[in-house]
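Examining the three-dimensional arrangement
What follows is each chain in one-letter form.
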Amino acid sequence: MNPILCGLAANPALPSELVDRLITVADDEIATELAARPDLSHAQALALAARAEDTAVHLAYEGRLTSADIDPVAQPQAALALLDTGAGLPEWARRFATDPVTERREKLAACPDLPPDVTDTLAADSEITVVSELALWTTPDMAARLARHPHAEVRRAVAANEATPPSVLEMLLTGDGLPPARRCLVCDRERTPAVHTRPHEHEHQHQHQHQHQHQHQHPADDLPPGAFCTGSHESTVHDMWRQALSNPATPARAAAGFAGHSSALLRWSLAARPDLPPEVWGRLAGDPLPGTRADLAENPAVDATHLRALATDVSPDVRRSLAHNPRVPLDLLTSLAGTTKIGATLLPRIAAATPAEVESLATSPDPAVRMLLAARRDLPPGIRDALAADTDAKVLKSIAPHPGLSEARLRDMIDRHGIRVLAKVATNPDASPSLLEHVTRHDPPVQKAFREVARHRNATAPSLLACLTDRQARPLAAAHPSLPVPVIVELLSDAEERVAEAAAANPSLPSAMMLKLTP
């Protein structure tokens, strides 16, 4: 990688003729930067796409290429990218449906709006990975058809597809109306009964991964650890149930029946659903798995009675999730503030607080509550200024980035609390050049404050020169357009590549120097 050329490729002030020059010498890294340029012309996009197919794929996804620009034989991945965005041609889909490369058929199977004859071809594919990919993204009619597929892996993908008809999802959970699956990935490869493990791994029946992660793909040459089958495809069926329980299209009545299931992961899959009856919430609120209770605590559909019960949960993760629930009662939230590590983040319930509630929160005797309110960026000036005069440093850190604070108030924060608030003051969008200089001169210095100053739009030469003394702030300062031109030019030969690249990307770099640097 050439850091100078990568920086130039990203420089928003790079003249168009120099963009043309860089295209002719672009490696993968330079091409990536060039492809992201908003001023790239169509002719330049075509020239760039011709150099590397990965770049052509990126440009296709960004809408910079059309079907007239791509040869599906020479650039199959780019053609598939256009099909994936709905901009490809039906004849391409028919071509790829019988492509000898399995990965291309898999990619095609995930594309929207495929012609019916193409989906029929893919549904009959000899590779289960292709059929499973189709099942995950296909239309309701095809999903209903694939729910009867003899391979359990395909049914698992159908269960994850939100377009699958609710009645079909219910059948996948109950088994009623469906013939039993005849195969799974385990019995495809190993004699049953078998538990599949990888070297140096313990045998777990199920991996404890969060249920919202898509797990529809297995490597063609391997099986997930813990996958097992005694003839009934147990681990795949379990995963199919998980997918169906997490699928919002699954009828609530069918999902609710799993609230007492012996599998903790299946119960966990229910906790975020907004459509379950209160008796199920009550059952899940007492679940032994903290992850289940935490997801329930953050579920905006859960009623206040159950939320209040969760407020006394022994797990801090559960109480923290409850604080993030957009419908948590405000009195409950304020009681959690002092006992739960929430941090200075804007909580949904705080963001939705009424003017009267804002007034009440601003005068709370608990600084943790005032800190939560201070995370808003739309406070009335009187409340904003009152919080800026707070005696508690964590409240000041939370309010310091609020727009509209005067320089005098921001300086007063620094005078009273120094290093504890310095970096947050530097993030204020209205911080003046003189205030930012004041921040960089603070003794003792604060590393994070240098980084914030270096990326601030109001930073001027004195502040930025000070930021260059800090290793982490140095590349940020090198990219700042207010840095003096002689310094930018000097940094082009910096020993650290990140700094040199940032200097080359600086829009204040003279065009004559850009010309000199471009081969």
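Structure: above.
Residue positions within a chain follow its written sequence, with the count starting from 1. Owing to the predicted nature of the model, reporting of local features is limited to residues with pLDDT of at least 70; listing and counting of side-chain atom pairs is limited to 80 or more, with chain, interface and lining totals taken over all residues. Heavy atoms from the whole structure form the basis of all side-chain values; hydrogens and water molecules are not counted.

Leu108 and Met413 are the most contacted members of the largest nonpolar core, which has 156 residues in total. We call two residues in contact whenever any of their non-hydrogen atoms come within 4.5 Å of each other. Aside from chain neighbours lying at most four places away, what touches Leu108 is Leu80, Leu83, Ala93, Phe96, Ala97, Leu114, Val118 and Leu122. Counting 7 residues, the second largest nonpolar core, distinct from the first, contains Ala152, Cys184, Leu185 and Leu223. Buried Ala, Val, Leu, Ile, Met, Phe, Trp, Tyr and Cys residues form a nonpolar core when they are joined through side-chain atoms within 4.5 Å. Exposure classes here rest on a 1.4 Å probe applied to the protein chains alone. A residue is buried below 20% of its type maximum, exposed above 50%, and partly exposed in between.

For the pair helix α1 (residues 3-10) and helix α35 (residues 497-504), the least separation of the axes is 7 Å and the interaxial angle reads 35°. Seen along the crossing, α1 lies across α35 with a hand that is right-handed. For the pair formed by α1 and α35, the contact residues are Pro3, Ile4, Cys6, Gly7 and Leu8 on the first element and Glu497, Ala500, Glu501 and Ala504 on the second. Each residue receives one of three labels: charged for Asp, Glu, Lys and Arg, nonpolar for Ala, Val, Leu, Ile, Met, Phe, Trp, Tyr, Cys and Pro, and polar for the others, Gly being one of them. Of the residues that constitute the contact of α1 with α35, the class distribution is 6 nonpolar, 1 polar and 2 charged. Every axis corresponds to a line fitted to the C-alpha atoms, with the helix fit spanning only the stretch in contact, and the corresponding angles, defined between N-to-C directions, vary from 0 to 180 degrees. For helices the rule is a DSSP run of H or I covering at least 4 residues; for strands it is a run of E covering at least 2, with both sets numbered from the N terminus onward. Left-handed is the label given to a crossing in which the near helix is rotated counterclockwise from the far helix by less than a right angle, and right-handed is the label when the rotation is clockwise.

Every buried residue of helix α4 (residues 42-49) is accounted for by Gln44, Ala45, Leu48 and Ala49. The arc that holds every buried residue of α4, seen down its axis, measures 135°, which confines them to one face. Where α4 is buried, its residues touch α2 (16-25), α3 (28-35) and α5 (53-61). An arc is given here, and it is the one of the directions from the helix axis to the C-beta atoms.

Moving on, we come to the packing of helix α30 (residues 433-440) against helix α31 (residues 447-454). Between α30 and α31, the shortest axis-to-axis distance is 9 Å and the interhelical angle comes to 155°. The angle between α30 and α31 places the two elements in the roughly antiparallel class. Here the hand of the crossing between α30 and α31 comes out left-handed. For the pair formed by α30 and α31, the contact residues are Leu436, Val439 and Thr440 on the first element and Ala449, Phe450 and Val453 on the second. Of the residues that constitute the contact of α30 with α31, the class distribution is 5 nonpolar, 1 polar and no charged. Orientation labels follow simple angle bins: below 35 degrees gives roughly parallel, above 145 gives roughly antiparallel, 65 to 115 gives roughly perpendicular, and whatever is left gives oblique.

So, to be careful, I would describe these as geometric facts and stop short of saying anything about function.
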